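Observations on the model geometry
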2 protein chains.
Amino acid sequence: MIFNDVKHVLIVGLGLLGGSYAKALKKKGIAVDAITLEQSSIDYALAHGIIDTGTTQINAEIVSRADLVVFALYPHIFVEWIRNHGHLLRPGQVVTDVTGVKESIVYEVQALLPEGVEYIAAHPMAGREVGGVENSDDSIFHGANYIVVPTEKNTTNAIWLCTELGYALGFADVSCLDPKKHDEMIGFLSQLTHCIAVSLMCTCDDPNMKRYTGDSFRDLTRIANINDEMWSELFLANQQTLLEQMEAYRCRFDRLYECIKEGDREGMREMMRLSTARRQLFDKKV
Amino acid sequence: MIFNDVKHVLIVGLGLLGGSYAKALKKKGIAVDAITLEQSSIDYALAHGIIDTGTTQINAEIVSRADLVVFALYPHIFVEWIRNHGHLLRPGQVVTDVTGVKESIVYEVQALLPEGVEYIAAHPMAGREVGGVENSDDSIFHGANYIVVPTEKNTTNAIWLCTELGYALGFADVSCLDPKKHDEMIGFLSQLTHCIAVSLMCTCDDPNMKRYTGDSFRDLTRIANINDEMWSELFLANQQTLLEQMEAYRCRFDRLYECIKEGDREGMREMMRLSTARRQLFDKKV
């Protein structure tokens, strides 16, 4: 199957990301079904033309008519779903996901799936500080990164299909990482940044500080407004890697602390020049 | 003098902030002169109608015709300027600044000024990652904070004039802090955030990481693109306070590290809920 053959997508978990996938795929003329926990999400999505059909009941018919099934669930719920309902999937279907950690789930899910059903993992690097299908918006994908995360079990066809899916959703760049490297990069680029923002926000309780704030603090702590249920699960699902990234960062932070303490201005400036050079490579393509 | 009496402003140091002040003040019908180091900055500002007159020569005439003098210089250059040329200021003039640290300069400058010249310190919490009058833009003040930093030497009149100046420049909120408290808040809200961004950017050298990055890392490291000359000076000018803020933050970061290491999900979630509640107070008024 190539992406052009995908006529019917089933989205399992109709929240912010599931709804944003649905919106982008409908624009490509693809029929979108959804299974989710709350009837209110289905009602909203039907009323706003985000999906074609939807249900809170997991049934064989809606599962089997999909060419591609996208799981947009918390990691442990995704694995449970596959364990309990994976038998409903039929050979030839491709399964993908949006899960933010990979090593701890990808191999398990691949092992649980029926023969002939291929799971190709993916991680869309986009989100918002608000959840729910009501806040879904496929423009969050524009200019953003999408990572395909294959294992040695995956076929070239599925990797290619998932790559085309990333571009079809509107992502600016699609890359490929194995699960271990993915979790390292995401431990550093996403989980560690959330750890920093949460720690910083917990440091000071001056009730007036917003009156003295500049953009740097606002930007840095935007993600301190965090879904504690989801992120605590993601942190523990990538525990060792995240701890290593936290240690590596703390080592640089301690080095800067020492420079300031010792009045080592050249040591400070050296770190600042390095950070400036690296950061300049980072500006977003839109 | 009240702000309405200010007909003539002299800006010393025509960079990003000096130029942005000039643009905002000209819109209020105030005549703006400038003294700066580079003739090219004067030429640019004259050609673009940012100032009325400008010179690279410090002379008594241009200094004495100002009602209000704004210093937009690095801290040590500001102090040197006052030491070397402060005698050109005349009684009745009000002096203010944009300097990012206060305790280490405010008392010294106040002591150096001639009798009858009042220095009222201020800190506009706005900037850009690019410098120079060519990049000046008074819209950076819109929605931003402005802090007036009086000492016991200041008159109520000057505090009031400086407050009105903040609003006239377009700032959304003007508040008042004494120098010690200002340096504490700025150590936390601005300097510490720059330390974090620099340290994070120095942690990983994967040349492809921008392909895997989401908005959180981009936002957090925006300020890792940093003027090393200015910021190393600001850090050392607020050394003890900044070190204390770094220690306080590091203590929270280590607490989160321990929670993750111990698998203490409730401990993590508690920090996340606190950070979320605090961050929600922070959204910018525009």
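Residues numbered from 1 in each chain as written. Chains lettered and ligands numbered in written order. Predicted model: local features only at pLDDT ≥ 70, side-chain atom pairs only at ≥ 80, totals over all residues. Heavy atoms only, no water.

Moving on to the pattern of salt bridges. Counted by the stated rule, this structure contains 29 salt bridges over all chains. One salt bridge connects Arg273 of chain A with Asp228 of chain B, and the closest N-O pair in it is separated by 3.2 Å. A residue pair is termed interchain when its members come from two chains, as with Arg273 of chain A in helix α11 (residues 265–279) and Asp228 of chain B in helix α9 (residues 228–237). Connected through shared salt-bridge partners, Asp228 of chain A together with Glu266, Arg269 and Arg273 of chain B make up one network. (Salt bridge = Lys/Arg side-chain N within 4 Å of Asp/Glu carboxyl O. Helix = DSSP H or I, 4+ residues; strand = E, 2+ residues; numbered from the N terminus.)

All names here are of chain B. With respect to topology, six strands assemble into an open sheet ordered β3-β2-β1-β4-β5-β6, the strand pairing being parallel. The sheet terminates laterally at β3 (53–55) and β6 (118–119), the two strands that pair on one side only. Sheet analysis places strand β2 (residues 31–35) next to β3, joined by three bridges and oriented parallel. Within β3, the position partnered with Asp33 by the bridge is Thr53. (Pairing = 2+ DSSP bridges.)

Our next topic: the relation of the copies chain B and chain A. For the pair chain B and chain A, the best superposition has an RMSD of 0.0 Å and corresponds to a rotation of 180° with a translation of 0.0 Å parallel to the axis. Here the transformation between the copies is reduced to the relation of a two-fold axis. Taking C-alpha positions as reference, the residue of chain B nearest the rotation axis is Leu220 of chain B, located at 2.2 Å. Of the interface residues in chain B, 100% have counterparts in chain A that sit at the interface too, so the contact is made through matching surfaces. (Least-squares fit on C-alpha atoms with pLDDT ≥ 70 in both. Contact = heavy atoms within 4.5 Å.)

The next point concerns the interface of chain B and chain A. Accessible area lost on assembly of the parts is the figure often given for the size of an interface. Counting residues at the interface gives 84 residues for chain B, matched by 84 residues for chain A. Across the chain B to chain A interface the summed buried area is about 8800 Å²; carbon plus sulfur atoms make up 65%. It is Tyr212, Arg279 and Phe282 of chain B that lose the most area in chain B upon contact with chain A, and together they represent 9% of the buried surface on that side. Viewed at the interface, chain A and chain B are joined by twelve salt bridges. The shortest N-O distance in the salt bridge between Arg222 of chain A and Asp219 of chain B comes to 2.8 Å. Considering every element that reaches the side of chain B that touches chain A, the biggest residue donor is helix α7 (residues 179–203) of chain B, with 17 residues. Of the residues that constitute the side of chain B that touches chain A, the class distribution is 41 nonpolar, 19 polar and 24 charged. (Buried area = accessible area lost by both parts, 1.4 Å probe. Nonpolar A, V, L, I, M, F, W, Y, C, P; charged D, E, K, R; others polar.)

No statement about biological role is implied by the geometric values presented.
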